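Spelled out, the chains give:
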Amino acid sequence: MLGKDDLRILLETPGVSGYEDEIADKISEYFKPYSDDIKRDVLGNVIAKISGQEESSEPRPKIMLAAHMDEIGLMVTKVDEKGFLHVTQIGGIDQRTLPTQEVVVHGREKIKGVIGAKPPHLSSPDERKKSVPMSELLVDIGYDQAKAKELVSVGDLITIDRKMMELKGGRLAGKAMDNRAGVMVILEALKELKKLKFKADVFAVATVQEEVGLRGAVTSTYGLVPEIGIAIDVCHAIMPGVPDASPLGGGPAVGLGPNIHPKVHQLLKKTAGEERIPMSIEALPGGSGTDAWAMQISRGGVATGVISIPLRYMHTAVETLAYSDIEQSGKLLAHFIARVDSAFVEGLSCY
Amino acid sequence: MLLKYITEAAGVAGDEYEVRDVIREELKDHDLDIKTDILGNLIVSSKEELEGPKIMIAAHMDEIGMMIMSIDNSGLLKFRPVGGIDPKVLVAKTVVVGKEKLPGVIGSKAIHLQRPEERQVPLPMEALYIDIGAKNKEEAEKYVKVGDFAVFDTKYEEFGDGYAKAKAFDDRIGCAVLLEVLKEKYYIPVYGVFTVSEEIGLRGAGVAAYTVAPDIGIALEGTLAHDVTDMDDHLVSSKLRHGPVLTYIDLSVISDKKLVALAAQTAEANDIPYQYRNVMAGGNDSGKINQSRGGVPTIEIAVPTRYVHSPVSVIHLDDFANTVKLVKALIHSIESGGYEIK
Amino acid sequence: MKDLKALIEKIVTAYGPTGSENHVAELITKEIEPYVDSIRIDPLGNLIAVKKAEGPKVMLAAHMDEIGIMVTHIDDKGFLRFAPLGGINPNVLLGTRCVFANGTRGVYGSERLNPGESLTLAKMYIDIGAKDKEDAAQKVKIGDSAGADYPMVDLGDRLVSKAMDDRIACVILIETIKQLKNPKVESHFVFTVQEEVGLRGARTSAYSVDPDYGIAIDVTRTGDTPKGITMDVSLGEGPTVKVRDSSILCHPKMIAFMKEVAEKEEIPYQLEILEAGGTDSGAIHLTRSGVPSGVMSIACRYIHTPSEMIDINDVTNGIKLMTKILESEFPKI
């Protein structure tokens with residue numbers, strides 16, 4: 001039985017871009033009940049193959065599901081004379097959310113640290129008006145330089161130390177919802193798929209390095225050569241100042257625009273209607289900002305779709321979503337897969 | 001009236017259906033192989049098996065436009081640009097929305113209601129909306145869906161001394177050149193590719209180049225020209241009535257120098273005027289063709305075009321004719337061994 | 001050391017702005033031809049030399065191109081306007097000298113600026129001493145490119161020149177080719193083109209080489225100058241093993257492997273995090289279905305100026321490290 005406790009485990013397992021081993025192992029375990037063909041490619045993408053069930057002489061459609069497993073984080077650039085750590089970001093972090101966060105430094109061992117902040121009493125009026133740039137943030141680990149250097153070296157990673165929190169109304173908050181929630185959608189889909197008949201070979205991929213430029217999707221899509229690629233990621237939910245977004249708890253947001261194959265979009269929409277799955281439409285005038293942007297232009301082209309889970313406060317340590325959106329997205333994905341056959345794939349090149 | 005049909009067709013990135021139809025119609029009497037790929041690129045080639053260097057010639061079908069993001073309670077449509085649009089050119093223009101070509105206007109607060117200082121700054125995209133005349137959200141939703149595209153409602157028209165104005169000469173003029181070029185017979189494999197989604201990041205060309213795997217790439221464009229009063233000569237980019245524009249460098253590619261030299265020689269041998277682009281800006285499909293697989297030498301040949309990325313772009317018809325001539329002649333130069341393939 | 005300095009001087013002072021690397025390719029070909037099994041130039045101009053051996057295929061990349069300019073316009077008085085090739089700071093360019101392939105020399109000048117107005121490349125021109133357009137056209141055509149025109153200066157251990165970025169890495173690969181004894185891998189040495197405008201040569205050559213591993217060699221910034229950037233890299237402390245830059249998060253196993261080799265052979269090294277900038281490995285590691293890649297860098301001050309400074313000990317240690325890497329068993333990924 002999958003549920004929010006599994007999401008909690010996924011969230012609390014570290015996996016900063018480029019260093020996804022721990023989360024990859026965890027996700028591989030979660031894929032095991034659904035696939036006996038799980039591998040990691042050279043960049044570290046976890047790829048689980050789930051073969052279509054119906055025997056036939058027709059070529060089997062190949063569908064790639066991509067949810068990135070990496071999270072944004074910090075990296076140590078220097079251990080200074082006083083033992084403080086200087087840092088840089090991996091992925092797009094709003095540095096304003098960092099002062100006074102508690103962190104874990106992944107050095108020789110896991111070390112507790114806090115990101116300090118200058119008290120207002122000591123700040124000039126000018127300083128108070130400005131946010132502190134990344135280059136001035138210091139991580140305090142409570143050691144002098146000699147001891148700090150024994151434990152930490154340049155290039156070590158830092159993650160925010162945050163447990164998942166349950167809010168009212170089935171809503172959950174935590175770090176790395178972007179995009180462990182997407183991984184959770186794939187798991188929910190694979191669970192649902194066990195009850196369905198489907199013809200396609202499905203490649204469930206937990207991709208690496210999305211936050212630094214969709215890099216895992218570039219190479220894994222090239223390697224798998226799918227006909228259809230669905231990216232599962234988070235999108236902005238409606239909140240103050242963000243009106244043109246998708247409602248929290250309103251089901252998956254299904255992408256529409258030049259990054260999406262029109263027939264994939266139509267089939268997702270049709271599936272939602274037939275299965276009575278609530279959904280909203282996410283209009284995407286340019287890039288979707290998801291792995292689908294990379295998948296679409298792999299080799300001779302891939303028919304892409306995007307399923308997003310509405311999320312508030314993206315790229316902070318309090319990302320908030322509704323678990324029901326994850327379940328509904330998983331259901332939509334599974335029933336979409338069940339509707340793909342070779343005729344549908346052939347039609348993808350007809351314009 | 002090819003230029004009329006092809007510029008008046010709607011075709012924002014990802015929605016190039018009408019342009020494809022015009023192209024198919026234009027080529028229907030020519031015995032050519034016409035295919036589309038999974039992204040919607042239209043690939044045209046000879047039905048014969050031909051030997052020799054394989055040339056891919058690309059022109060993009062998509063134009064800049066708008067996508068409807070939401071509908072507000074009073075029935076006005078909020079939109080975002082698809083491709084690069086300067087909001088300055090949007091105010092008080094007419095558009096058509098969606099497949100049914102619903103007419104609409106881009107409105108803004110009247111001058112009477114603006115403070116003097118407001119008039120000094122251009123209206124940002126967020127302050128603009130499309131008005132289709134709907135009474136309220138409910139009525140607007142009968143005609144328009146979130147995700148629908150809108151394009152400028154501009155008619156093709158010839159004016160002045162051999163000039164023409166239309167929307168989307170970038171890059172329908174390139175499509176028109178390519179169509180004319182494809183009507184001729186060649187003895188080496190020539191693949192004409194009408195690409196999709198160039199304006200949002202050269203998306204179609206790379207995919208098509210991977211499939212076609214050419215030895216040489218040519219991108220056809222309607223390129224920047226701003227040869228107006230008071231512009232320094234070295235900042236105009238290119239000039240109308242000075243012939244096809246050869247580009248050595250832009251932000252996406254450095255053209256193959258031997259190809260540029262061959263194009264210049266070919267122009268001179270055939271008495272076709274030509275010019276070099278003198279501003280390094282923008283990028284185009286040749287950048288993606290150049291970076292495809294193990295690398296492809298490419299060149300960009302363009303019709304100089306004023307006011308690109310706006311509702312009214314302007315070309316001169318002589319430049320169009322000369323570009324067609326030059327591209328055909330260049331293919332024949334390559335055909336007769338003018339370019340050595342590595 | 002004298003020989004090495006002479007080779008460095010020959011290679012770094014050679015003419016080779018982005019897109020015009022053929023002269024550098026010829027020089028390098030002459031140096032390495034007797035030591036490699038095959039050598040070729042690909043459609044974009046990359047020079048690819050192979051040293052055969054049993055074992056996995058490794059692509060080593062050092063870019064031949066240097067930053068420079070391309071002429072886009074010649075005015076009636078014979079002044080040249082230009083487009084940048086790579087990341088060029090107009091303030092650095094002003095008043096410096098450049099040279100074209102045919103030896104034509106020029107000086108960068110600027111239009112008069114209004115008070116408070118900042119210098120941009122569009123306001124700059126090159127003065128080649130021409131009297132008028134015709135005179136200029138005798139020497140330079142639209143589409144011609146120029147690089148910085150400065151000799152190398154020998155300050156002892158430290159050398160100063162234009163184009164240390166990235167010819168110093170070309171020198172390291174040349175010497176590695178010469179010194180390599182028992183490689184455990186098939187080495188594909190790729191001297192790439194057009195790195196400065198977006199890793200373009202590396203992208204296409206990596207596709208055709210299709211390697212099992214990639215290592216790029218490039219220069220990197222330092223944190224050892226007065227009130228400089230926060231960066232734990234200094235001149236003379238050894239070549240770096242890169243952890244990351246904007247183009248790549250180096251493969252953890254490649255980082256560990258390169259560190260191990262350095263430690264085993266007692267070669268000094270530094271760990272490098274470059275916050276802005278990229279290198280050829282950025283393109284290599286995303287080729288086809290992915291290539292585990294690393295980067296070795298040489299610390300360099302004043303990058304993208306005509307006076308890039310390196311320490312020759314970093315070069316000799318870099319050659320040693322690169323040679324030993326190719327003579328080691330690569331990690332299983």
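Reading the values: the criteria
- Residues numbered from 1 in each chain as written.
- Chains lettered and ligands numbered in written order.
- Predicted model: local features only at pLDDT ≥ 70, side-chain atom pairs only at ≥ 80, totals over all residues.
- Heavy atoms only, no water.
- Helix = DSSP H or I, 4+ residues; strand = E, 2+ residues; numbered from the N terminus.
- Rg over C-alpha atoms; globule rule 2.2 N^0.38 Å.
- Buried < 20%, exposed > 50% of the residue type's maximum accessible area, 1.4 Å probe, protein only.
- Areas by Shrake-Rupley, 256 points an atom, 1.4 Å probe, with all protein chains shown as cover.
- Lys, Arg positive; Asp, Glu negative; His and termini not counted.
- Charge placed at Lys NZ, Arg CZ, Asp CG, Glu CD.
- Core = buried A, V, L, I, M, F, W, Y, C linked by side-chain atoms within 4.5 Å.
- Contact = heavy atoms within 4.5 Å.
- Pairing = 2+ DSSP bridges.
- Axes fitted to C-alpha atoms, helices over the stretch in contact; angles between N-to-C directions.
- Domains from an automatic or database assignment.
- Buried area = accessible area lost by both parts, 1.4 Å probe.
- Salt bridge = Lys/Arg side-chain N within 4 Å of Asp/Glu carboxyl O.
- Polar contact = N/O pair within 3.5 Å; in protein donor to acceptor, adjacent residues only side chain to side chain.
- Nonpolar A, V, L, I, M, F, W, Y, C, P; charged D, E, K, R; others polar.

Draft legend 1. Summary view of the overall build of chain C. Within chain C, the regular secondary structure consists of 9 helices and 17 strands. For 333 residues, the compact-globule estimate of 2.2 N^0.38 gives 20 Å, and the C-alpha radius of gyration of chain C, at 20 Å, lies within 12% of that figure. C-alpha atoms of chain C, sized along the principal axes, occupy 60 × 45 × 40 Å. The proportion of buried residues among the 333 residues of chain C is 60%. Here chain C displays about 12,400 Å² of accessible surface, and carbon together with sulfur accounts for 48% of that area. Of the side chains in chain C, 38 bear a positive and 48 a negative charge, and the two mean positions are spaced by 1 Å.

Draft legend 2. Molecular detail of unusual backbone geometry. Looking along the chain, the bond that leaves D178 of chain A and enters N179 of chain A is cis, with omega of 15°. Along the chain, N179 of chain A falls in helix α5 (residues 177-193). Residues D170 of chain B and D171 of chain B are joined by a peptide bond in cis, for which omega reads 10°. Among the secondary structure elements, D171 of chain B is positioned in helix α5 (residues 169-182). For R241 of chain B, which is not glycine, the phi torsion reads 65° and is therefore positive. Inspection of the secondary structure assignment puts R241 of chain B in the loop between β13 (216-225) and β14 (245-247). Relative accessible area serves as the criterion here: at 41%, R241 of chain B is assigned to the partly exposed category.

Draft legend 3. A look at the nonpolar core. Among the nonpolar cores identified, the biggest contains 129 residues, and I228, I230 and I232 of chain A together with I57 and F194 of chain B are the most heavily contacted of them. When residues of this core are assigned to their parent elements, the largest contribution, 10 residues, is made by α5 of chain A. Apart from the residues lying within four places of it in its own chain, the contact partners of I57 of chain B are L178, V181, V190, Y191, G192, V193, I218, L220, V327 and I331 of chain B. Membership of the second largest hydrophobic core comes to 85 residues, among which are I11, M59, C300 and L321 of chain C.

Draft legend 4. Region of interest: the sheet that holds strand β3 (residues 57-63) of chain C. All names here are of chain C. Judged by pairing direction, the sheet is mixed, and its 8 strands sit side by side in the order β1-β2-β12-β3-β13-β16-β14-β15 without closing on themselves. With partners counted over all chains shown, the strands left at the sheet margins are β1 (38-41) and β15 (270-273), one partner each. With direction set aside, neighbouring strand axes in the sheet form an average angle of 25°. Where helix α2 (residues 22-32) meets the sheet, its contacts fall on β1, β2 (47-51) and β12 (186-192), and the angle it forms with β2 comes to roughly 15°.

Draft legend 5. Molecular detail of the sheet that holds strand β4 (residues 73-79) of chain A. All names here are of chain A. Around the barrel, which closes on itself, the 6 strands sit in the order β4-β5-β8-β7-β6-β9 with antiparallel pairing between neighbours. Strand-to-strand, the axes of this sheet are offset by a mean angle of 45°, without reference to chain direction. Note that strand β5 (residues 85-90) and strand β8 (residues 138-140) share 2 bridges and pair antiparallel. Looking at β8, one finds that L85 is bridged to V139.

Draft legend 6. How the structure looks around the domain arrangement of chain B. All names here are of chain B. In terms of domain boundaries, chain B breaks down into domain 1 (2-63 + 167-335) and domain 2 (65-152). Using only C-alpha atoms to locate each centre, domain 1 and domain 2 end up separated by 31 Å. Taken together, the contact pairs 14 residues of domain 1 with 12 residues of domain 2. Buried area between domain 1 and domain 2, summed over both chains or domains, comes out near 1,100 Å², and the portion from carbon and sulfur atoms is 67%. At the surface where domain 1 touches domain 2, the tally comes to 2 salt bridges. K99 serves as the salt-bridge partner of D15, at 3.4 Å between the closest nitrogen and oxygen. Taken together, domain 1 and domain 2 are joined by 3 residue pairs in polar contact (both at pLDDT 80 or more). Taken together, the residues that form the side of domain 1 that touches domain 2 break down as 5 nonpolar, 3 polar and 6 charged.

Draft legend 7. How the structure looks around the pattern of salt bridges. Per the counting criterion, the structure on display carries 59 salt bridges over all chains. Notably, a salt bridge pairs R339 of chain A with E275 of chain A, separated by 2.9 Å at the nearest N-O pair. Residue R339 of chain A is found in helix α9 (residues 323-339), and its partner E275 of chain A is found in the loop between α7 (262-274) and β15 (280-283); the two are separated by 64 residues along the sequence. Among the salt bridges present, the one from E63 of chain B reaches R172 of chain B, with a minimum N-O distance of 3.0 Å. In this pair, E63 of chain B is assigned in the loop between β3 (55-60) and β4 (65-71) and R172 of chain B in helix α5, connecting sequence segments 109 residues apart. Each member of the pair, E63 of chain B together with R172 of chain B, is buried. Here the residues in one salt-bridge network are K4, D5, R8 and E166 of chain A, joined through shared partners.

Draft legend 8. Representation of the environment of T96 of chain C in the model. Residue and element names in this part refer to chain C. Here T96 is to be found in the loop between α3 (90-93) and β6 (97-100). Taking relative accessible area as the criterion, T96 reaches 11% and is therefore assigned buried. Separated by 11 residues in sequence, T96 and V107 place their C-alpha atoms 5.8 Å apart. Here the side chain of T96 touches L93 through a polar contact of 2.6 Å, landing on its backbone oxygen.

Draft legend 9. Quick peek at α2 of chain C. Looking only at α2 of chain C, the buried set comprises V24, A25, L27, I28, T29, E31 and I32 of chain C. Where α2 of chain C is buried, its residues touch α1 (2-12), β1, β2, α5 (164-179) and β12 of chain C.

Draft legend 10. The arrangement of the domain arrangement of chain C in detail. All names here are of chain C. For chain C, the assigned domains read domain 1 (2-66 + 162-326) and domain 2 (69-148). Look at where the C-alpha atoms of domain 1 and domain 2 centre, and you get two points 30 Å apart. The partner domain 2 presents 12 residues to the 11 residues of domain 1 that form the contact. A buried area of about 860 Å², summed over both sides, lies between domain 1 and domain 2, and 66% of it is on carbon and sulfur atoms. Taken as a group, Y15, H304 and P306 account for 48% of the area that domain 1 buries against domain 2, more than any other trio of residues on that side. Seen at the junction of domain 1 and domain 2, the total is 2 residue pairs in polar contact (both at pLDDT 80 or more).

Draft legend 11. Main features of the interface of chain A and chain B. Of the residues lining the interface, 27 residues belong to chain A; the matching set on chain B comes to 27 residues. Summing the contributions of chain A and of chain B, the shared interface buries around 2,200 Å²; its carbon and sulfur component is 61%. Remark: the boundary between chain A and chain B carries 0 salt bridges. Scanning the region where chain A abuts chain B turns up 9 residue pairs in polar contact (both at pLDDT 80 or more). When residues of the side of chain A that touches chain B are traced back to their parent elements, those giving at least two are β15 and α8 (291-295) of chain A. Of the residues assigned to the side of chain A that touches chain B, the class counts are 16 nonpolar, 8 polar and 3 charged.

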